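What follows is each chain in one-letter form.
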Amino acid sequence: MRLTPKSALCALAALALMAAVAVPADERKDVPEKYTWNLQDMYASPAAWKEAKEALAKRVPEMAPYKGHLGDSAEKLYGALSTMAGIDKDLVRLLSYASQLYDQDTQVSESLEMQQGAEQLAAEYGAAVSWMR
């Protein structure tokens, strides 16, 4: 039997549906741990996340001295790009943790507060580097 592209696609879709495992659970606490995210790989605790957020908020102004000076030298440009990349990386980590923590249980208001705080910091940072982007 020869598979056409259409039949091959249908077969793959059917396999994907059969491979999907439904975990019946009404509450987050009822989900087996093997099906949950290990957010401790990012931050040990929400308190550690909050410390990292505060530290990152203090780093946002590090971009200001580069404004209007990117063309001064290769070192200035490199410094600006390195600083920006470091802040971007840490900001994405902060946002990912807060978002995934909130997604675990949307009834936990502290998680929503963390997610909104991370989004607010991202907006402030975006405004601070808009001249460069």
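Residues numbered from 1 in each chain as written. Predicted model: local features only at pLDDT ≥ 70, side-chain atom pairs only at ≥ 80, totals over all residues. Heavy atoms only, no water.

Colleague: Teacher, can you tell me more about the packing of aromatic side chains here?
Modeller: Aromatic ring pairs are defined here through the distance separating the ring centres and the angle between the ring planes. Counting across every chain of the model gives one aromatic pair. Ring geometry for Tyr43 versus Tyr97: centroids 5.2 Å apart, planes at 85°, classification edge-to-face. Pair noted here: Tyr43 is in the loop between helix H1 (5-19) and helix H2 (46-59) and Tyr97 is in helix H3 (residues 74-104), with a separation of 54 residues, a long-range link. Residue Tyr97 is classed as buried on the basis of its relative accessible area of 3%. (Phe/Tyr/Trp six-rings, centres within 6.5 Å; stacked < 30°, edge-to-face > 60°. Helix = DSSP H or I, 4+ residues; strand = E, 2+ residues; numbered from the N terminus. Buried < 20%, exposed > 50% of the residue type's maximum accessible area, 1.4 Å probe, protein only.)

Colleague: Just checking my understanding: could you explain the side chain of Gln115 for this structure?
Modeller: Looking at where Gln115 falls in the secondary structure, it is placed in helix H4 (residues 109-128). Since its relative accessible area comes to 15%, Gln115 is described here as buried. Not counting residues up to four positions away in its chain, the partners in contact with Gln115 are Ala98, Ser99 and Tyr102. (Contact = heavy atoms within 4.5 Å.)

So yeah, pure geometry; function would need other evidence.
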